[in-house]
Amino acid sequence: MSSKTDQVSIDLAIKIVGKWKETYGWIPIFAAFAAIFMAFLTGANNLPAPFSTPIGSGSLTLLKAFVMACVIYVPGAAFASSTSTVNALFSYFLKENQPSEGFLMWSLVVVLITAAIWLALATYLQLPVSSLQSIQGALLGTILVTQGFGYIPLWNKNQNHNFIGGGLVWIVLEWTVAPLIAFLCAFVLFALMKVSLLRHENAEKRILVFLPIDYGISAGLLCLFLMYQVLPHMIALYSWVMIVAVAVATLIGALLSLLVVVPLAMKKLKAVKNYKTMKRNMTKSSDHSKSKCIESQDPTFNDTKSADDEAQFEEALKDFMQMRVLDTVYEEDERSWGSPDSLVQEPENKLAEDQSSASQDQSNIDKSTSFRKLLESTPNQLVQSHTRNFQKIEKATPTGNAFQFLTGSSNSFFSPVMEYDRHTLIRHALAEKYDDVEDFFSFPHLIASCIFALIQSTSEVAAVVSPYGAILDVFHYREKYSGNGEHVGSIHVTWWFKAIGGFAAAIGFFLCGFRVTHSLGGKLTYMSNSRGLAAQLSTVAAIIIVTKIKLPVSTIHALVGSLVGVGIADDPRNVNWKLLFKFMCGWVMTIVFCSGVAYVIFSVSIHSPAYVVR
């Protein structure tokens, strides 16, 4: 009799499970697409962080950055640890009281939808925001539906709540701690680089000493991240082993730089010196006969005098250019001027007016022409269109028009030119340039960006698909969530789905990431290879430090702090303070928007007429 009863119970359980899967089987499928779309938008908004400075300085194109993103983010996300802070966040969230397991899965879908909506809106507005904080805000909004507004904890925990990352003070720390540490590191590092290297008269020789130090620091930071964030989740490591490993990695990086990079840099310095010597000789050979005669009488004296005159001329020209920009910005007559192009292209028949009006127009044209020439000296060919106003117009043909359209579309899509507004161009013109040594910072800049990208792939890109892992866990192991959640463990997402998320993030960066790249790569502050290197290394150091002391960190918030630090170390006028305030408002709106939208969507869902699967 007992065996018969047992058989009936088993049959009944099979029927109940079948009804559960038939009813809610669409949620994991829908959640998979939502998670991939969330990863796509994370790539559009967060992936520009490591690649914005190389693109802004001209070291990378968008297409090359996309290839690097695929190489780094796909394996980085696939093999990221499954015991990250975000997984702990979901583990505690799943222990909260929910109406039913079905609504629990749907709440996580709402989290993905809400975070994706906010990331899309922020990307359109060129606001770099945290994808993890978007998820935190949406999770908090769903909890408020079932627990009420009195359930909001001030810290990350209270007597009834153990929601890691949901505390208000915890979120404020994420806004402030990492950006401030990154700001201080970037300010000190770039200030030291300016004093000891960039502005020094022997900068070309000192760069040979700096390169081994830089590569050693980069190797040490990479090893430090692997030792403290990746390997401890796989094997047990002693503290002394980590310290020795970091020291050895730093030493190996410096020695490899001495053996490989420094000889190449010396060869490049020699080539540049030969080119300058050849150019100087060609200039001397084209001087008038009187100068040649004087030089033949006293070559040593005239060579020294020529070098001094050239240096004085360059310094005077630099001062003139800066004063010309300041006059353009601050003079009251600027409001009455037209744009540079409109003034240059005015018809000649307007000069036939009265004498006073003609003289005023001519003065404005001269000022605008000088300003246009000044802007044409800015980096990245930002004003290329201004030099094409007087091209010869050729007869157009349908084939030529089609070819021109396809060529222009491909160039603008794969290698778009950053075009800034007038005030940004002025800040770029005012920034101090170090063109003689900037090329030597290009490869170290890329190395630091790759390290930053690897950290971001393991900490954020892999984490945005964690809600999908939680949904699958609820769907397949419903019985764990029927009680008080005491059997809920960590969330595991299969490696291949995390790899798909990493690839979707790379695609999102390639297709939609240029808006945030444009905002971070030059609109916030002037960007060059030396400045980008200081910003990237400071961001990596800040992320490791904040993560080690177990405080919340957002990689894109840390990068903004580093960029501001570099800009202030260069010149406070070189920072777009209005844009920085806009960024900070976007960070605050991340929590407000995601919590509010998730609260509305989930509240409508949970209070609408429905049925319960038993």
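Residues numbered from 1 in each chain as written. Predicted model: local features only at pLDDT ≥ 70, side-chain atom pairs only at ≥ 80, totals over all residues. Heavy atoms only, no water.

**Re the overall build of the protein**
How we decide: Strands are runs of DSSP state E lasting at least two residues, helices are runs of H or I lasting at least four, and both sets are numbered from the N terminus onward. Residue contacts follow a heavy-atom distance rule, with two residues in contact if any of their heavy atoms lie within 4.5 Å.
Within the protein one finds 23 helices and zero strands. Nonlocal contacts in the protein, meaning residues at least 24 apart in sequence, comprise 83% of its contacts between residues at least 6 apart.

**Quick notes on the side chain of Thr 525**
Operational definition: Within 3.5 Å is the distance limit for a polar contact, defined as a pair of N or O atoms, with the added protein rule that one can donate a hydrogen and the other accept it, and that residues adjacent in sequence qualify only through two side-chain atoms.
Within the fold, Thr 525 resides in the loop between α20 (514–523) and α21 (529–548). In terms of polar contacts, Thr 525 uses its side chain to reach the backbone carbonyl oxygen of Asn 574, at 2.9 Å. Look past the residues within four positions of Thr 525 in its chain and what remains in contact with it is His 428, Leu 563, Gly 567 and Asn 574.

**What to know about the nonpolar core**
Stated precisely, the cut-off is as follows: Buried Ala, Val, Leu, Ile, Met, Phe, Trp, Tyr and Cys residues that are joined via side-chain atoms within 4.5 Å together make up what is termed a nonpolar core. Each residue is assigned to one of three classes by its accessible area relative to the maximum for its type, calculated with a 1.4 Å probe on protein chains only: buried under 20%, partly exposed between the two thresholds, exposed over 50%.
Judged by nonpolar contacts, the single largest core of 104 residues is most densely connected at Met 38, Ile 207, Phe 441, Leu 520 and Leu 524. The greatest single-element share of this core, amounting to 14 residues, is contributed by helix α6 (residues 101–124). When near neighbours in sequence (up to four residues on either side) are disregarded, Ile 207 contacts Leu 197, Leu 269, Phe 440 and Phe 441. Ranked by size, the runner-up nonpolar core spans 23 residues in total, among them Leu 62, Ala 80, Ala 505 and Phe 510.

**Focus: the environment of Phe 593**
Relative to the helices and strands, Phe 593 resides in helix α23 (residues 577–607). Along the primary structure Phe 593 and Trp 118 are separated by 475 residues, whereas in three dimensions their C-alpha atoms are 7.3 Å apart. Phe 593 has contacts with Ile 117, Trp 118 and Leu 121, leaving out every residue within four places of it along the chain.

**Description of the packing of α6 against helix α7 (residues 131–147)**
Threshold: To define axes, lines are fitted to C-alpha atoms, for helices over the stretch in contact only, and angles between the resulting N-to-C directions are given on a 0 to 180 degree scale. When describing relative orientation, an angle under 35 degrees is termed roughly parallel and one over 145 degrees roughly antiparallel, while 65 to 115 degrees is termed roughly perpendicular and anything else oblique. Handedness of a crossing follows from how the near helix is turned relative to the far one, being left-handed for an anticlockwise turn of less than a right angle and right-handed for a clockwise one. Three classes are used, and their members are as follows: Ala, Val, Leu, Ile, Met, Phe, Trp, Tyr, Cys and Pro are nonpolar, Asp, Glu, Lys and Arg are charged, and the others, Gly among them, are polar.
Relative to each other, α6 and α7 sit at 135 degrees, their axes nearing to 9 Å. If you check the angle between α6 and α7, you find them oblique. As α6 runs across α7, the sense of the crossing is right-handed. Residues Ser 107, Leu 108, Val 110, Val 111, Thr 114, Ala 115, Trp 118 and Leu 119 of α6 lie in contact with α7, whose contacting residues are Ser 131, Ser 134, Ile 135, Ala 138, Leu 139 and Thr 142. Per-class residue counts for the contact of α6 with α7 are nine nonpolar, five polar and no charged.

**What to know about the pattern of salt bridges**
To keep it simple, the criterion reads: Here, a salt bridge means any side-chain nitrogen of Lys or Arg that lies within 4 Å of a carboxyl oxygen of Asp or Glu.
Considering all chains together, one arrives at three salt bridges under this definition. A salt bridge links Arg 199 to Glu 432; its shortest N-O distance comes to 2.7 Å. Within this pair, whereas Arg 199 is found in the loop between α8 (168–198) and α9 (203–230), its partner Glu 432 is found in the loop between α16 (422–430) and α17 (442–461), the two being separated by 233 residues in sequence. Note on Arg 199: relative accessible area 48%, which makes it partly exposed. Arg 573 serves as the salt-bridge partner of Asp 571, at 2.9 Å between the closest nitrogen and oxygen.

**Considerations on the environment of Leu 430**
Relative to the helices and strands, Leu 430 resides in helix α16. In the structure, Leu 430 is positioned 96 residues away from Tyr 526 in sequence and 9.2 Å away in space, judged by C-alpha atoms.

**A word on the confidence of the model for the protein**
Operational definition: Across the chain, each position has a pLDDT score giving the predictor's confidence in that residue, from 0 to 100.
Overall, the predicted model of the protein reaches an average pLDDT of 75, with 66% of residues at or above 70. Helix α22 (residues 555–570) holds the highest mean pLDDT among the elements of the protein, 94, whereas helix α13 (residues 340–344) holds the lowest, 41. For residues 1–17, every residue scores under 50 in pLDDT, and the model assigns this stretch two contacts once sequence neighbours within four places are set aside. For the stretch residues 158–165, pLDDT sits under 50, and the model shows 29 contacts to residues farther than four places along the chain or on other chains.

**Structural notes on the packing of aromatic side chains**
Where we set the bar: A pair of Phe, Tyr and Trp rings is counted when the ring centres sit within 6.5 Å of each other, with Trp represented by its six-membered ring. The angle between the planes then sorts it: under 30 degrees is stacked, over 60 is edge-to-face, the rest tilted.
Inspection of the entire model under this criterion finds 13 aromatic pairs. Ring centres of Phe 183 and Phe 187 lie 6.3 Å apart, and the angle between their planes is 25 degrees; this geometry places the pair in the stacked category. In this pair, Phe 183 and Phe 187 both sit in helix α8, four residues apart, roughly one turn of the helix. Taking relative accessible area as the criterion, Phe 183 reaches 21% and is therefore assigned partly exposed. On the numbers, 5.5 Å between centres and 55 degrees between planes, the contact of Phe 210 with Phe 441 is tilted. Placement of Phe 210 in helix α9 and of Phe 441 in the loop between α16 and α17 is noted, with a sequence separation of 231 residues between them. Among the residues examined, Phe 441 registers a relative accessible area of 0% and is labelled buried.

**Some details on unusual backbone geometry**
Phi is positive for Gln 126, which is not a glycine, with a value near 60 degrees. By the secondary structure assignment, Gln 126 is in the loop between α6 and α7.

**Here's the deal with a nonpolar patch on the surface**
How we decide: A residue counts toward a patch only above 30% relative accessible area and without a salt bridge, and it is joined to like-charged neighbours within 9 Å or, for Val, Leu, Ile, Met, Phe, Trp and Tyr, to nonpolar neighbours within 5 Å. Using a 1.4 Å probe, accessible areas were evaluated by the Shrake-Rupley method; residue-level cover was limited to the displayed protein chains.
Where nonpolar side chains cluster on the molecular surface, the patch consists of Tyr 238, Trp 240, Val 244, Val 248, Ile 252 and Leu 256 and spans about 650 Å² of accessible area. Along the chain, Tyr 238 falls in the loop between α9 and α10 (239–285).

**Side note on the packing of helix α4 (residues 62–78) against α17**
The packing of two helices is summarised by the inter-axis angle and the distance between the axes. One way to put it is that α4 packs onto α17 with a least axis distance of 8 Å and a crossing angle of 40 degrees. On the basis of the axis angle, α4 is oblique to α17. The crossing of α4 and α17 is right-handed. Within the contact between the two elements, α4 uses Met 68, Ile 72, Tyr 73, Gly 76 and Ala 77 and α17 uses Cys 450, Ala 453, Leu 454, Gln 456, Ser 457, Thr 458 and Val 461. Within the contact of α4 with α17, the residues separate by chemical class into eight nonpolar, four polar and no charged.

**Considering α21**
Operational definition: In this scheme, a helix's expected span is set at 1.5 Å multiplied by one less than its residue total.
Taking 1.5 Å of rise per residue, the 20 residues of α21 would be expected to cover 28 Å, and the 29 Å separating its terminal C-alpha atoms lies within 8% of that figure. In terms of residue burial, α21 counts as a mostly covered element, since 17 of its 20 residues are buried. At the C-terminal side of α21, Lys 550 shows a positive phi close to 60 degrees.

**Re α6**
For α6, which comprises 24 residues, the first-to-last C-alpha distance of 35 Å matches the rise-based estimate of 34 Å (1.5 Å per residue) to within 8%. Burial within α6 is extensive, with 19 of its 24 residues counted as buried.

**Examining the side chain of Thr 539**
Take Thr 539: it is sitting in helix α21. Only 2.7 Å separates the side chain of Thr 539 from the backbone oxygen of Ala 535, close enough to count as a polar contact. Apart from the residues lying within four places of it in its own chain, the contact partners of Thr 539 are Phe 452, Thr 555, Ala 558, Leu 559 and Ser 562.

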